[in-house]
Amino acid sequence: MPGFEMFGDEERKNVNDVLESGILMRYGFEVMRNNHWKAKEFETEFANKMGVDYCQLVSSGTAALTVALASAGIGAGDEVIMPSFTFVASFESILASGAVPVLVDIDSTLTLDPVSVEKAITSKTKCIMPVHMCGSMANLDALRALCDQYNLLLLEDACQAIGGTYKGKSLGSIGDLGCFSFDFVKMITCGEGGAVITNNEQYYINADQYQDHGHDHIGKDRGAETHPVLGYNYRISELHAAVGLGQLTKFDTILSIQKRNYTIVRNALSSIEGITFRTVPDGGEENYSFVNFFLPNEELTKKAHKSLSDHGVDANFYWYTNNWHYINGWEHLRNVKSLGALTGSVRHQLERLNNTDFSKSDAIMSRTISSLVKVGWSEEEVILRAEKMRAAIAAIF
Ligand SMILES: *Cc1c(COP(=O)(O)O)cnc(C)c1O
């Protein structure tokens, strides 16, 4: 997945453009900046690529989620439904908005189970936030139908599935809002960065203002701008945007290398009886950044994970116990380790996590291994790796 494996002249040239003008800020300084507007350019190109009207670049993926929630008017007391398997940014951004994170089970898509989502809807629910983990998507038609039925917002976290599609549309472009991360380990990186995309003009205007202290960005005198709304600082710097703009030129190449590498690994694993693969909803195409597979039970999964490492195959993730992406690992959340006081409704909801039944998620996560697909591997290297993986797993049966 990591786009940094492809760093080269494109990134260097864009960064040099910015350094030579000396204007590291994305706004203002028009005379001095030699016509370089890297953040603006990135936004235009990325919106085109995703097939949406608007893109707002921000300082991180976590910031993108926070800005997206704010731009849609989500705040104190509102409930946002999110999956039990995700990156911590999901609940961090919801908490930052003052809203209440409501964690629900996943299914074999490895993200939100629509049946569990519907059960969690209350009169306070405002938003459903699927997180397209490890390169593939939630059942977006089912979630959209729930949003329509209950008048909720659909916010896609597509940070790990950039380039994947659902029924011909880019992931992130299907919900009311979509979010991306360009942190250092993502498929396209700015070093640090993120983006919100939408077709809703008002959400875009809100996002543009909110991420820059409420500035209206009208006219050429920043000091004279008005502030229609309260905001915050989630701006990206021009230097980070410059790196991302260089990376964007490699988007299609990275995707096609990932697909080739993924296919080699998947074909090798398919030959093992007992291995099944993560469900991709009808009409969906992954971005091929991970091969996600299931073993028949927890014990065999742990053995397979250990055997892969014993055979010298790196970058295989057993999220159920080893990593920081599942409810099991979020002790700080369950025990409400907040530095400052939280509102009663948030605290109450978090405390409930200790008594919530996540056995449906456990049954899937305890059998899931995700194997990272790197971009830097040559075809020969992947073939060797795939064969090693096949042997390592076959050995445990
Ligand atoms: C990386 C990631 C984020 C957050 O992105 P940062 O840029 O690191 O803040 C959010 N959600 C998911 C699913 C991610 O993988």
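Residues numbered from 1 in each chain as written. Predicted model: local features only at pLDDT ≥ 70, side-chain atom pairs only at ≥ 80, totals over all residues. Heavy atoms only, no water.

Here's the deal with the packing of aromatic side chains
Any pair of aromatic rings gets described here by the distance separating the centres and the angle formed by the planes. On inspection of all chains with the given rule, the structure shows 16 aromatic pairs. Aromatic pair F46 and F182: ring centres 5.5 Å apart, planes at 90°, arrangement edge-to-face. Placement of F46 in helix α2 (residues 38–50) and of F182 in the loop between β8 (177–181) and β9 (194–198) is noted, with a sequence separation of 136 residues between them. An identical accessibility class is assigned to F46 and F182; each is buried. An aromatic cluster is built from F42, F46, F180 and F182, whose rings are joined through pairwise contacts. The ring of W37 has R33 sitting right over it, with the charged end atom 4.1 Å from the ring centre. Geometry around F277 places R266 over its ring, the cationic atom sitting 4.0 Å from the centre. (Phe/Tyr/Trp six-rings, centres within 6.5 Å; stacked < 30°, edge-to-face > 60°. Helix = DSSP H or I, 4+ residues; strand = E, 2+ residues; numbered from the N terminus. Buried < 20%, exposed > 50% of the residue type's maximum accessible area, 1.4 Å probe, protein only. Lys NZ or Arg CZ within 6 Å of the ring centre and 35° of its normal.)

A look at the side chain of S84
Structurally, S84 can be placed in the loop between β2 (79–83) and α4 (89–96). According to the relative accessible area criterion, S84 is buried, its value standing at 0%. For S84, the side chain forms a polar contact with the side chain of S361, separated by 2.9 Å. Excluding its chain neighbours within four sequence positions, the residues that come into contact with S84 are L103, V104, D105, I106, H325, Y326, I327, W330, F358 and S361. (Polar contact = N/O pair within 3.5 Å; in protein donor to acceptor, adjacent residues only side chain to side chain. Contact = heavy atoms within 4.5 Å.)

Side note on the nonpolar core
Residues F46, F182, L269 and F293 are the most contacted members of the largest nonpolar core, which totals 124 residues. Per element, the largest residue contribution to this core is 9 residues, and it comes from helix α9 (residues 251–270). Summarising the domain contributions, this core has at least three residues from each of domain 1 (3–250) and domain 2 (252–394). In this view, F293 contacts L269, I275, T276, F277, L308, R367, T368, I369, S371, M389 and I393; residues no more than four positions away in its chain are not counted. (Core = buried A, V, L, I, M, F, W, Y, C linked by side-chain atoms within 4.5 Å. Domains from an automatic or database assignment.)

What about the sheet that holds β8?
Spatially, the 7 strands line up as an open sheet ordered β1-β9-β8-β5-β4-β2-β3, and their pairing is mixed. In the strand order of this sheet, the two ends are held by β1 (54–58) and β3 (100–104), each with one partner. Looking at each pair of strands side by side, their axes are set apart by 25° on average, direction ignored. Pairing of strand β4 (residues 125–128) with strand β5 (residues 153–157), which is carried by 2 bridges, proceeds in the parallel orientation. Looking at β5, one finds that I128 is bridged to L154. (Pairing = 2+ DSSP bridges. Axes fitted to C-alpha atoms, helices over the stretch in contact; angles between N-to-C directions.)

What about the packing of helix α3 (residues 61–71) against α4?
Direction vectors running N to C along α3 and α4 enclose 40°, while the axes themselves pass 9 Å from each other. By the angle between their axes, α3 is oblique relative to α4. Crossing of α3 against α4: the hand is right-handed. Each of T62, L65, T66 and L69 in α3 lies in contact with α4, whose residues at this interface are A89, S90, E92, S93, I94 and A96. For the contact of α3 with α4, the residue count by class is 5 nonpolar, 4 polar and 1 charged. (Parallel < 35°, antiparallel > 145°, perpendicular 65-115°, else oblique. Left-handed = near helix turned anticlockwise from the far one by under 90°. Nonpolar A, V, L, I, M, F, W, Y, C, P; charged D, E, K, R; others polar.)

Observations concerning the sheet that holds strand β14 (residues 368–372)
On the basis of which strands lie adjacent, the open sheet formed by 4 strands has the order β10-β12-β14-β13 and antiparallel pairing. At either end of the open sheet lies a strand with only one pairing partner, and these are β10 (276–277) and β13 (316–317). Where β10 lies against strand β12 (residues 290–294), 2 bridges are found, and the strand directions are antiparallel. Within β12, the position partnered with F277 by the bridge is F293.

Some words on the domain arrangement of the protein chain
Each domain of the protein chain was delimited in the assignment, giving domain 1 (3–250) and domain 2 (252–394). One C-alpha centre belongs to domain 1, the other to domain 2; they are set 24 Å apart. In this complex, domain 1 contributes 46 residues to the contact, which on the side of domain 2 involves 45 residues. Buried area between domain 1 and domain 2, both sides added, is near 3,700 Å², and the carbon and sulfur share of it is 64%. Counting the contacts that link domain 1 with domain 2 gives 2 salt bridges. In this structure, D252 and K49 form a salt bridge, with 3.3 Å as the shortest nitrogen-oxygen distance. Between the two partners, domain 1 and domain 2, sit 22 residue pairs in polar contact (both at pLDDT 80 or more). (Buried area = accessible area lost by both parts, 1.4 Å probe. Salt bridge = Lys/Arg side-chain N within 4 Å of Asp/Glu carboxyl O.)

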